[in-house]
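# Coordinates in review
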Amino acid sequence: MAQTISITHCRRMTAAEHSPEDLPPNCRITRALTVSTMNQGVHDSEYAVRGAVLVKATEVAAKLADPAQAAKLSFQRLIKCNIGNPHAVQQAPITFFRQVAAAIQYPPLVDMDPPVLPPDVCRRAREYIQAMPGKSVGSYTESDGLQLVRKQVASFIERRDGFPADPKSIELTTGASEAVKRCIQVILTDDNDAVMVPCPQYPLYSCAITMFGGHVAYYYLDEDRGWAVDVTELRASYNKATSSGVKVRSIAVINPGNPCGSVLDMDTMADILMFAAEENLVLLADEVYQENIYDEGRPFHSFKKVLRLLQQKKEGTCDPIHSVQLISFHSTSKGVLGECGQRGGYMELVGFSTRMLAQFAKVAASSLSSNTLGQVFVGLMVCPPVEGEESYELYRKEHSLIFEGLKRRAARLCAALNDIPGVSCQPIAGAMYAFPNITIPTAAVSAAALQNMKADEYYCIDLVEKTGIVCVPGSGFGQKNGTWHLRMTILPPDDMMEDVISRFKRFHEDFCRKYAPNE
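Everything numeric in this text was worked out from a predicted model, so none of it was measured.

### Looking at the domain arrangement of the protein chain
Domain annotation for the protein chain reports domain 1 (48–90 + 418–515) and domain 2 (125–382). Relative to domain 2, the C-alpha centre of domain 1 lies at a distance of 30 Å. Counting the surface lost from both domain 1 and domain 2, the interface buries some 2100 Å², and carbon and sulfur atoms represent 57% of this. Three residues stand out in domain 1 for area buried against domain 2, namely Q426, A429 and F477, and they jointly supply 27% of the buried area on that side. In this assembly, domain 1 and domain 2 are joined by zero salt bridges. The interface formed by domain 1 and domain 2 includes 15 residue pairs in polar contact (both at pLDDT 80 or more).

### Digging into the sheet that holds strand β4 (residues 215–220)
Overall, mixed pairing links the seven strands, which are arranged β2-β8-β7-β6-β5-β3-β4 in an open sheet. Two strands bound the open sheet, and with one partner strand each, they are β2 (170–173) and β4. Taken over all neighbouring pairs, the strand axes of this sheet differ in orientation by 20° on average, direction set aside. The pairing of strand β6 (residues 282–286) with strand β7 (residues 326–331) spans four bridges and is parallel. Bridge pairing links L284 to I327 in β7. Seen against the sheet, helix α12 (residues 303–313) touches β5 (247–254), β6, β7 and β8 (345–350) and runs at an angle of roughly 15° to β8. In the packing of helix α13 (residues 354–365) onto the sheet, contacts are made with β2, β7 and β8, and the angle to β2 comes to roughly 15°.

### Remarks on the packing of helix α8 (residues 175–187) against α13
Contact pair α8 / α13: the axes reach a minimum separation of 11 Å and the direction vectors enclose 125°. Comparing their axes, α13 and α8 come out oblique. The chirality of how α8 crosses α13 is right-handed. Residue-level inspection shows R182, C183, Q185 and V186 of α8 in contact with α13, the latter providing M356, F360, V363 and A364. A per-class count over the contact of α8 with α13 returns six nonpolar, one polar and one charged.

### Details of the UniProt feature "domain: Aminotransferase class I/classII large" (unreviewed entry) in the protein chain
Within the UniProt annotation, "domain: Aminotransferase class I/classII large" (unreviewed entry) is assigned to residues 119–503. Across residues 119–503, helical content stands at 44% and strand content at 15%; the span's end C-alpha atoms are separated by 47 Å.

### A word on the sheet that holds strand β14 (residues 486–489)
By way of backbone hydrogen bonds, the strands of a sheet pair with one another, either parallel or antiparallel. Spatially, β10-β14-β13 is the arrangement adopted by the three strands of the open sheet, whose pairing is antiparallel. Both edges of this open sheet fall to β10 (433–434) and β13 (472–473), since each of them pairs with a single strand only. Here β13 pairs with β14 via two bridges, running antiparallel. When the sheet's bridge partners are listed, P473 is paired in β14 with L486.

### As for the pairing of β4
Across six bridges, the pairing between strand β3 (residues 193–199) and β4 is parallel. Note that in β4 the partner of C199 across the bridge is Y220. In this fold, the crossover linking β3 to β4 by way of helix α9 (residues 204–211) has right-handed handedness.

### What about the nonpolar core?
Counting 117 residues, the largest nonpolar core has I327, Y346 and F504 as the members making the most contacts within it. Looking at which element gives the most residues to this core, the answer is helix α15 (residues 392–418), with nine residues. Split by domain, the residues of this core number at least three in each of domain 1 (48–90 + 418–515) and domain 2 (125–382). Beyond its immediate sequence surroundings of up to four residues, I327 is in contact with C183, V282, L283, L284, A285, M347, E348, L349, F352 and F360. Grouped together as the second largest cluster of nonpolar side chains are 37 residues, A194, A285, F435 and F477 included.

### What about the environment of D113?
Following the sequence through the fold, D113 ends up in the loop between α5 (95–105) and α6 (119–131). Among the residues examined, D113 registers a relative accessible area of 74% and is labelled exposed. In sequence terms D113 and N371 are 258 residues apart; their C-alpha atoms lie 31 Å from each other.

### Structural notes on the confidence of the model for the protein chain
Of the residues in the protein chain, 95% have a pLDDT of 70 or more, and the chain-wide mean is 92. Long-range and interchain partners of residues 1–15, a stretch whose pLDDT sits below 50, account for 25 contacts in this model, where long-range means more than four residues apart.

### What about the environment of K63?
Structurally, K63 is set in helix α3 (residues 52–65). Between the alpha carbons of K63 and R31 there is a distance of 37 Å; along the sequence they are 32 residues apart. Here K63 is in contact with Q69, A70 and L73, once residues within four sequence places are set aside.

### With respect to unusual backbone geometry
A cis amide bond links C199 with the next residue in sequence, P200, at an omega value of 10°. With respect to the helices, strands and loops of the structure, P200 is situated in the loop between β3 and α9. Following N255, the chain continues to P256 via a peptide bond in cis, the omega torsion being -5°. Within the fold, P256 resides in the loop between β5 and α11 (266–279). Even without being a glycine, Q90 presents a positive backbone phi close to 80°. Within the chain, K135 stands out as a residue other than glycine whose phi angle is a positive 55°.

Calculation notes
One numbering rule holds for all chains: residues counted from 1, following each sequence as written. For a predicted model such as this one, the threshold for reporting local features is a pLDDT of at least 70, and the threshold for listing and counting side-chain atom pairs is 80 or more; totals across whole chains, interfaces and linings nevertheless cover every residue. Heavy atoms throughout the structure, all of them, feed into the side-chain values; hydrogens and water do not. Start and end positions for the domains come from either an automated domain assignment or a database one. Once two parts are joined, some of their accessible surface, as seen by a 1.4 Å probe, is lost; buried area is that loss totalled over both. The working definition used for a salt bridge is a side-chain nitrogen of Lys or Arg within 4 Å of a carboxyl oxygen of Asp or Glu. Counted as a polar contact is a pair of N or O atoms within 3.5 Å, where, for protein atoms, one must be capable of donating a hydrogen and the other of accepting one, and residues adjacent in sequence contribute only when both atoms are in side chains. In this analysis, strands are considered paired if DSSP registers two or more bridges between them. Only DSSP runs of H or I reaching four residues or more are called helices, and only runs of E reaching two or more are called strands; each is numbered from the N terminus. Every angle, taken between N-to-C directions, lies between 0 and 180 degrees, and every axis is a line fitted to C-alpha atoms, over only the stretch in contact when it is a helix. Between two residues, a contact is recorded if the distance between any of their heavy atoms is within 4.5 Å. Our angle categories are set so that under 35 degrees counts as roughly parallel, over 145 as roughly antiparallel, 65 to 115 as roughly perpendicular, and the remainder as oblique. In this scheme the crossing of two helices becomes right-handed for a clockwise turn of the near helix relative to the far one and left-handed for an anticlockwise turn of less than a right angle. Nonpolar residues are Ala, Val, Leu, Ile, Met, Phe, Trp, Tyr, Cys and Pro. Charged residues are Asp, Glu, Lys and Arg, and all others, Gly as well, are polar. UniProt positions are given in the numbering used here, feature names are shortened, and annotations may be inferred rather than shown by experiment. By convention, orient the strands away from the viewer: a clockwise path from the first strand over the helix to the second makes the crossover right-handed. Note on terminology: a nonpolar core comprises buried Ala, Val, Leu, Ile, Met, Phe, Trp, Tyr and Cys residues joined through side-chain atoms within 4.5 Å. Relative accessible area decides the class of each residue, using a 1.4 Å probe on protein chains only: under 20% of the type maximum gives buried, over 50% gives exposed, and in between gives partly exposed. Looking at any residue, its pLDDT shows the predictor's confidence there, from 0 to 100.

Pasting the structure below:
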């Protein structure tokens, strides 16, 4: 996983915590909270997306800001391909969403004469304002979120899946990440519990599981089959964990896949659900990229829909499929909206008793409520303008422009990576990332080991120093031993993406010539 802090550095930090430099040499104090006395689950957790490569990128950014140092570099801008943060790489916001947000933040905009906002924007803003305590966005809401928005989410789920959804089983959260952490906290009861997690995975999962004192039981995705999930691998992972004395409580699935861009078919999803049913596992379905589908032959299906179809087939029986507990997650940060900074998300809890839902509500209440404007963005995401409304044509145009750009760059980046000797990339069928397999020369692997680094982290740090391209090493997501990968986003606009492709190709060729001149 990601490099955090060296042991030597930790020792220096610990020494400094105990003996500040401004005290006399013979004076020694002891502080209550140090890196050795803190919660070790937090200490041991790692989150590669914000790891050592980003630290190096910050150093490079400082050089670019200094004209004297920038003149010595072969590039003039930093391109952040490390994280799914669309607006940070020039994706424009959708007008309707921002107009409603502006009106909610400053209600006098709604009643100005002459009007400054479209009528449907004003209608939606009034609707949300009326639903807020004190009719103000500055108020706390109910702990599980505004009832109006939860009803809108339930309606969206029903339209998407063709099956009912209950607003009482929906919680609005500060992004999907908070929802995932909340669920893992509830699921893990002691340090003998485990959650099955895909490898590669989004490191939020391993990070949260480690923080809450649990075990991570990895199941490997099949790269040669487009990062497919195989039920035989699920069984092997489960048996390995349980044979070691660990209690597996849950399984996480990311669809569409982060970091690998895969999209599951319905048969595979049915296999996963039946496996969860047989082993009595809570299924965590991370579906935040459900709108990011670029392969028309691989449409998105929710786990809720597939579960209900399986339950229909087994209606009137005592099949274990009826006992499945499913929690699905969605977010305003991804899709076409890309409003990461608004921190809006929701989770739907399926198959849980009223008493268990009350326990989840209690966890939500410990944070009072998620941010109110983020809740509004969730409502707008699931209930955008429809044909016949004043903002529809502009919304449709902006939505199409963003989506088609993502789809175009997914194909372009994948093809370009596969044209580079020593680099191979599976098709980007969904999500926002390429996860190419990188051949790293043996000499570079050895050079990385001398610096206590994984080879792909060493590669990515060199990449940002030489080109200004920020990526995340595959070791931060997990990968099979002996393979190396990196994750890069498809988010930069077309001209910037061409720059990324050109710089990356040149870097990889130079890197290989340096460490394997005779190969």
